[in-house]
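Structural characterization, general
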Amino acid sequence: MTSFSEIAGQPMETPSSGLLEIDLGAIRANYRLLQSRLAGARCGGVVKADAYGLGALHVAPALLAEGCRDFFVAHIDEAFALQPVLPPDATLYVLNGITREAVRACAQAAIVPVLNSCDQVNAWREEAQRLARPLPAVLQIDTGMSRLGLTPAEVAELVGDVGAFVGLDVRFIMSHLACADEPSHPANSEQLANFEQTRTLMLKHPALARAGYSFANSAGIFLGADYHFDIVRPGVALYGVNSQPDSKNPMHSVVRLFTRVVQTREIMADAHIGYGYSFTASGPTRVATLAVGYADGWLRSQSGRGSGWCEGYQLPILGRVSMDSMSVDISAVPDGLIHSGTPIELIGPHQTVDDVAIAAHTIGYEILTSLGHRYQRVYKDGSASSDAIKI
Ligand SMILES: *Cc1c(COP(=O)(O)O)cnc(C)c1O
């Protein structure tokens, strides 16, 4: 790729940090792929953290077009932001639960909180009673992760109280897997057994007899039908990341990221590069300075480890990643191929999000959610014409 216009498939100016292309058609194909693995369960979509950094206002309508009607966010503000683009038959769930201050606004907007403690159950029930109308809710139980959800003691307390859910329409009971990305980890079947056991206990409460169940995130879907229940909650797999790192990634890649060359230079033996002089050349080296740094979510932990790509050549990062730039070795590339303005692939066919995550000692989730808003974004949707949108 010799120009940004060629990459974007439309005329465009050279972007400052780079070009982030998000393929909504690939997200839709990933949704269909996950759905095809489910026998009876409904497939939701997790769009928290602005759809893992990719733009929830674009991603949610794409999922809607595939029939998704259950959208999960982390915070109530994320739900408010998304609500205007969703039709009335779609439901927004807030995974992190509800605070007493937010109860009124949440009820008014018909947003469904995931209730994670007795206190949250009480606050939501009191609001339903105040409004004298049923309020929808999801109950989360902790099956081992010790993060969110009702403890066994809280479950026992609620099950023993006939009035605990008066005025609440409990849609489903959910829990979350801690080790689903490691299919052979014993925690998976242990958490499943806990979930089954707790659900048997909860079924005894008349208000919960008709509730559904939800257990699996992306990785959980690949653990098989025992983990699917009534509704699954994939996030990262929709965005093309491999949720089962020990197996081949079945998902379509969603993101391409290109930065640009700011300038090139040739340095001699014993010359240094970047902060801390952490790289010293052993001989003549051709170097390109790229317009991307840790302020663009290009994590500093890739210093001296990660790469860029150009015309099939790998360009290793030399020295430390700075805030707005970093240096790569272009010695292997034929003269004249790389100059100021040349696009350099950072995520794409030569280097997946998962590859970048390995170089940065992290996971694909952190790479995506770090990308930020310094890139020019282009949303593409299958055969539909692409739309350059500056956000
Ligand atoms: C983030 C989250 C998900 C989605 O997880 P992925 O691993 O991205 O599929 C599902 N459920 C809960 C409770 C979450 O917090």
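So, here's what we can say about the structure.

Procedures and definitions
Residues numbered from 1 in each chain as written. Predicted model: local features only at pLDDT ≥ 70, side-chain atom pairs only at ≥ 80, totals over all residues. Heavy atoms only, no water. Helix = DSSP H or I, 4+ residues; strand = E, 2+ residues; numbered from the N terminus. Buried < 20%, exposed > 50% of the residue type's maximum accessible area, 1.4 Å probe, protein only. Contact = heavy atoms within 4.5 Å. Areas by Shrake-Rupley, 256 points an atom, 1.4 Å probe, with all protein chains shown as cover. Near = heavy atom within 4 Å. Polar contact = N/O pair within 3.5 Å; in protein donor to acceptor, adjacent residues only side chain to side chain. Expected span 1.5 Å × (residues − 1). Axes fitted to C-alpha atoms, helices over the stretch in contact; angles between N-to-C directions. Parallel < 35°, antiparallel > 145°, perpendicular 65-115°, else oblique. Left-handed = near helix turned anticlockwise from the far one by under 90°. Nonpolar A, V, L, I, M, F, W, Y, C, P; charged D, E, K, R; others polar. Salt bridge = Lys/Arg side-chain N within 4 Å of Asp/Glu carboxyl O. Pairing = 2+ DSSP bridges. Core = buried A, V, L, I, M, F, W, Y, C linked by side-chain atoms within 4.5 Å.

A short note on the overall build of the protein
- Looking only at helices and strands, the protein has twelve helices and 20 strands in total.
- With respect to the three principal axes, the spread of C-alpha positions in the protein is 80 × 40 × 40 Å.
- Looking at the 391 residues of the protein, the share that counts as buried comes to 54%.
- A separation threshold of at least 6 residues defines the contact pool for the protein, and within that pool the share at least 24 residues apart is 65%.
- In the structure as shown, the protein presents an accessible area of about 16800 Å², 51% of it carried by carbon and sulfur atoms.

Focus on the site of the ligand
- Around the ligand there are 14 residues in total, and Lys 48, Tyr 52, Ser 218, Val 236 and Tyr 365 lie nearest to it.
- Tyr 52 places a side-chain nitrogen or oxygen 2.5 Å from an oxygen atom of the ligand.
- A total of 390 Å² of accessible area belongs to the ligand in isolation, and the protein chains cover 93% of it.

Observations regarding helix 7 (residues 118-131)
- Between its first and last C-alpha atoms helix 7 spans 20 Å; for 14 residues at 1.5 Å apiece the expected length is 20 Å, and the two agree.
- Residues Cys 118, Gln 120, Val 121, Ala 123, Trp 124, Arg 125, Glu 127 and Ala 128 constitute the buried set of helix 7.
- Summarising the contacts, the buried residues of helix 7 are in contact with helix 6 (103-108), strand 6 (112-115), strand 7 (135-140), helix 8 (152-159) and strand 8 (168-174).
- Ala 132, located one to two residues past helix 7, shows a positive phi value of around 55°.

Some words on the packing of helix 2 (residues 24-36) against helix 4 (residues 56-65)
- Where helix 2 contacts helix 4, the two axes come as close as 9 Å, and the packing angle between them is 45°. On the basis of the axis angle, helix 2 is oblique to helix 4. Once helix 2 is placed against helix 4, the crossing between them reads as right-handed. In this structure, helix 2 contributes Leu 24, Ile 27, Arg 28 and Tyr 31 to the contact, and helix 4 contributes His 58, Val 59, Ala 62, Leu 63 and Ala 65.
- For the contact of helix 2 with helix 4, the residue count by class is seven nonpolar, one polar and one charged.

Considerations on the environment of Ala 56
- Looking at where Ala 56 falls in the secondary structure, it is placed in helix 4.
- Sequence separation between Ala 56 and Met 323 is 267 residues, and the spatial gap between their C-alpha atoms is 26 Å.
- If near-sequence neighbours (up to four positions away) are discounted, Ala 56 is found in contact with Val 47, Asp 50, Ala 51, Pro 61 and Leu 82.

Quick look at the pattern of salt bridges
- Tallied over the entire structure, the rule returns 16 salt bridges.
- The salt bridge partner of Arg 28 is Glu 66, with a shortest N-O separation of 2.8 Å. One end of the pair, Arg 28, is in helix 2; the other, Glu 66, is in the loop between helix 4 and strand 4 (70-73), with 38 residues separating them in the sequence.
- The buried category is assigned to Glu 66, whose relative accessible area is 17%.
- As a salt-bridge pair, Arg 100 and Glu 126 come within 3.1 Å of each other at their nearest N and O atoms. Placement of Arg 100 in the loop between strand 5 (91-94) and helix 6 and of Glu 126 in helix 7 is noted, with a sequence separation of 26 residues between them.
- Here the salt bridges do not stand alone but share partners, grouping Glu 21, Asp 23, Arg 256 and Lys 380 into one network.

Some thoughts on the pairing of strand 16 (residues 313-318)
- Across four bridges, the pairing between strand 15 (residues 307-310) and strand 16 is antiparallel. From the neighbouring strand, Gly 308 faces strand 16, where its bridge partner is Leu 315.
- Connecting the antiparallel pair strand 15 and strand 16 is a turn made up of two residues, with Glu 311 showing a positive phi of about 50°.

Quick notes on the nonpolar core
- Membership of the largest hydrophobic core comes to 119 residues, with the highest contact counts inside it found for Val 47, Phe 71, Trp 124, Ile 173 and Tyr 239.
- Broken down by element, this core gets its largest block of residues, six residues, from helix 4.
- Excluding anything up to four places from it in sequence, Ile 173 contacts Leu 139, Ile 141, Phe 195, Met 202, Leu 208, Ala 211, Gly 212, Tyr 213 and Ser 214.
- Core analysis: the second largest hydrophobic core is formed by seven residues, Ile 7, Ala 8, Met 12 and Val 378 among them.

Side note on helix 2
- The first and last C-alpha atoms of helix 2 sit 18 Å apart over 13 residues, in line with the 18 Å expected at 1.5 Å per residue.
- Along helix 2, the residues classified as buried are Leu 24, Gly 25, Ala 26, Ile 27, Arg 28, Ala 29, Asn 30, Tyr 31 and Leu 34.
- At the N-terminal boundary of helix 2, the capping side chain belongs to Asp 23, with an oxygen 3.0 Å from the backbone nitrogen of Gly 25.

Quick notes on the pairing of strand 14 (residues 285-290)
- Counting buried positions over the six residues of strand 14 gives six, a clear majority of the element.
- Of the two faces of strand 14, the one holding Thr 285, Val 287 and Thr 289 and the one holding Arg 286, Ala 288 and Leu 290 are both buried throughout.
- When strand 11 (residues 255-267) meets strand 14, the two strands line up antiparallel, connected through six bridges. Bridge pairing links Gln 263 to Thr 289 in strand 14.

Bear in mind that shape data such as this cannot, by itself, settle questions of function.
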